[in-house]
Amino acid sequence: MRKFIVFLIGATLFAVCGCSGPAAWRKAEGSMWHTLYSVTYRSDMELGDSIVETMRRVEMSLSPFQPNSLVSCINRGEPVVVDSMIRRIFTCSQTVSRLSGGMFDPTVAPLVNYWGFGYAGPDGEPLDSVMSRVGISECRIGPDGVIEKKHPRTEFNFSAITKGYGCDAVGEMLRRNGCEDFLVEIGGEICLSGESPRGGAWNVMIDAPVDNADAVVHSEMMTLSLTGCGIATSGNYRNYRMTDRGKTSHTISPVTGMPVTLAPADTLVLSATVVAPSAMEADALATACMLLPPSLSRGMMRAAGASRLILAVSTPADSLLILDMR
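What counts, and where the lines are drawn
- Residues numbered from 1 in each chain as written.
- Predicted model: local features only at pLDDT ≥ 70, side-chain atom pairs only at ≥ 80, totals over all residues.
- Heavy atoms only, no water.
- Helix = DSSP H or I, 4+ residues; strand = E, 2+ residues; numbered from the N terminus.
- Polar contact = N/O pair within 3.5 Å; in protein donor to acceptor, adjacent residues only side chain to side chain.
- Contact = heavy atoms within 4.5 Å.
- Axes fitted to C-alpha atoms, helices over the stretch in contact; angles between N-to-C directions.
- Left-handed = near helix turned anticlockwise from the far one by under 90°.
- Nonpolar A, V, L, I, M, F, W, Y, C, P; charged D, E, K, R; others polar.
- Expected span 1.5 Å × (residues − 1).
- Buried < 20%, exposed > 50% of the residue type's maximum accessible area, 1.4 Å probe, protein only.
- Core = buried A, V, L, I, M, F, W, Y, C linked by side-chain atoms within 4.5 Å.
- Pairing = 2+ DSSP bridges.
- Phe/Tyr/Trp six-rings, centres within 6.5 Å; stacked < 30°, edge-to-face > 60°.

Participant: So what exactly am I meant to see when it comes to the side chain of Thr 154 here?
Facilitator: For Thr 154, the location among the structural elements is in the loop between strand E5 (147-148) and helix H6 (159-176). A polar contact is formed between the side chain of Thr 154 and the backbone oxygen of Arg 133, at a distance of 2.8 Å. Ignoring any residue separated from it by four or fewer positions in sequence, one finds Thr 154 in contact with Asn 75, Thr 107, Arg 133, Cys 139 and Lys 149.

This is the structure we're talking about:
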């Protein structure tokens, strides 16, 4: 799912060179996983190389676009034993799938391809045949650590949760190195801990949904003051195409097999921002919220232990309404 870029505001950042010294604010940023990352942290040592190495380990475990990654081996049907990263992602995915009534499902890739939004085009296979391969609730990790698939051609794409998990993994590495004050942002997903450079909680700006198919447009919807949590935003208004059904989103229902059509009769949710104990959980829950009515999203959030849900919805009069649920 296309993610929003979320900006850190209200803080003065200090770039510090050198390998060690008094604890100071440092910043590491760059490009990885076809997106941007930015890490602001307070430490007595430079940890930029460790940040990159952590993200590379996540990629080689979870990226379906790396042919030698562990998940790519699993998708090819090789009997490989899962590592701790896949086990955590798999367990969280099954939990959110259950709480969302199946609306969150990392095995949905064949449906995304079927509708022309994935890494491969449609191959003429009928929809009911494609649906037979979808369903993470019917997969499991066996006692030997090997994933047992619903169907031999079932494949896993954890992209809708991996950036959130990547934030958590970098945060865990920073804590192992004595850092308690940091903000990790990967492609719009965020993990927060401790104090910001200005003191107190971190201020994070949330984008309003601005419909523009040609460019990413940032317009402030609200600013949240947070720490000790993960935050993620998902939306369905930037990645779409015009079809005979109207403006068709890349958001595909794993339950019905059909894409969301961006019209009031089909969906009211334009974007969902979730604050949860971890960025991994926030990432998965925000994705599920794009396919659920607001009333059901609220129940799912409570069951998952999330602390805040902010929905931007369209009204029948085509105006924007912000629902802030705690």
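Participant: It is not clear to me how the packing of helix H3 (residues 84-99) against helix H7 (residues 279-289) should be interpreted in this structure. Could you clarify?
Facilitator: As a packed pair, H3 and H7 sit with axes 10 Å apart at the nearest point and diverge in direction by 35°. The hand of the H3/H7 crossing is right-handed. Contacts between H3 and H7 involve Arg 88, Ile 89, Cys 92 and Val 96 from the first element and Met 280, Glu 281, Ala 284, Leu 285 and Ala 288 from the second. In the contact of H3 with H7, the residues fall into seven nonpolar, no polar and two charged.

Participant: How should I be thinking about helix H1 (residues 48-62) in this particular structure?
Facilitator: For the α-helix, the turn length of 3.6 residues means that residues three or four positions removed from each other point alike. Between its terminal C-alpha atoms H1 stretches 21 Å, which fits the 21 Å expected from 15 residues at 1.5 Å a residue. Regarding H1, the residues found buried are Gly 48, Ile 51, Val 52, Thr 54, Met 55, Val 58, Glu 59, Ser 61 and Leu 62.

Participant: Is there a simple way to think about the environment of Gly 135 in this case?
Facilitator: By secondary structure assignment, the location of Gly 135 is in the loop between helix H5 (127-131) and strand E4 (140-141). Judged by its relative accessible area of 7%, Gly 135 falls in the buried class. Between the C-alpha atoms of Gly 135 and His 151, which are 16 residues apart in sequence, the distance is 9.2 Å.

Participant: What exactly am I supposed to notice about H7 here?
Facilitator: Within H7, 10 of the 11 residues are buried, leaving the element largely enclosed by the surrounding structure. Residues Ala 279, Met 280, Ala 282, Asp 283, Ala 284, Leu 285, Ala 286, Thr 287, Ala 288 and Cys 289 constitute the buried set of H7.

Participant: How do you make sense of the nonpolar core when you look at a structure like this?
Facilitator: In this structure, Ile 51, Phe 156, Phe 158, Leu 174, Val 184 and Val 274 are the most contacted members of the largest nonpolar core, which totals 68 residues. Aside from chain neighbours lying at most four places away, what touches Val 274 is Gly 230, Ile 231, Ala 232, Ala 282, Leu 285, Ala 286, Cys 289, Met 301, Ala 306, Arg 308 and Leu 309. Core analysis: the second largest hydrophobic core is formed by 17 residues, Trp 25, Val 204, Ile 206 and Leu 224 among them.

Participant: Mind showing me how you'd approach the pairing of strand E8 (residues 202-207) here?
Facilitator: Sheet faces and side chains relate simply in a regular strand, where the side chains alternate between the two faces. Counting buried positions along E8 yields six of six residues, so the element is predominantly enclosed. Neither face of E8 is exposed, since Trp 202, Val 204 and Ile 206 on one face and Asn 203, Met 205 and Asp 207 on the opposite face are all buried. In this structure, E8 lies alongside strand E9 (residues 220-226), joined through six bridges in antiparallel fashion. Each bridged residue has a counterpart across the sheet, and for Asn 203 the counterpart in E9 is Ser 225.

Participant: Can you help me understand the packing of aromatic side chains in this one?
Facilitator: All chains considered together, the criterion is met by four aromatic pairs. Residues Phe 90 and Phe 156 carry aromatic rings whose centres are separated by 6.1 Å and whose planes lie at 65° to one another, so their mutual orientation is edge-to-face. Taken together, the residues Phe 90 in helix H3 and Phe 156 in the loop between E5 and H6 connect sequence positions 66 residues apart. Each member of the pair, Phe 90 as well as Phe 156, carries the same accessibility label: buried. Pairing Phe 156 with Phe 158 gives two aromatic rings, centres 5.8 Å apart and planes at 5°, and the pair type is stacked. Here Phe 156 matches Phe 158 in class, with each residue buried.

Bear in mind that shape data such as this cannot, by itself, settle questions of function.
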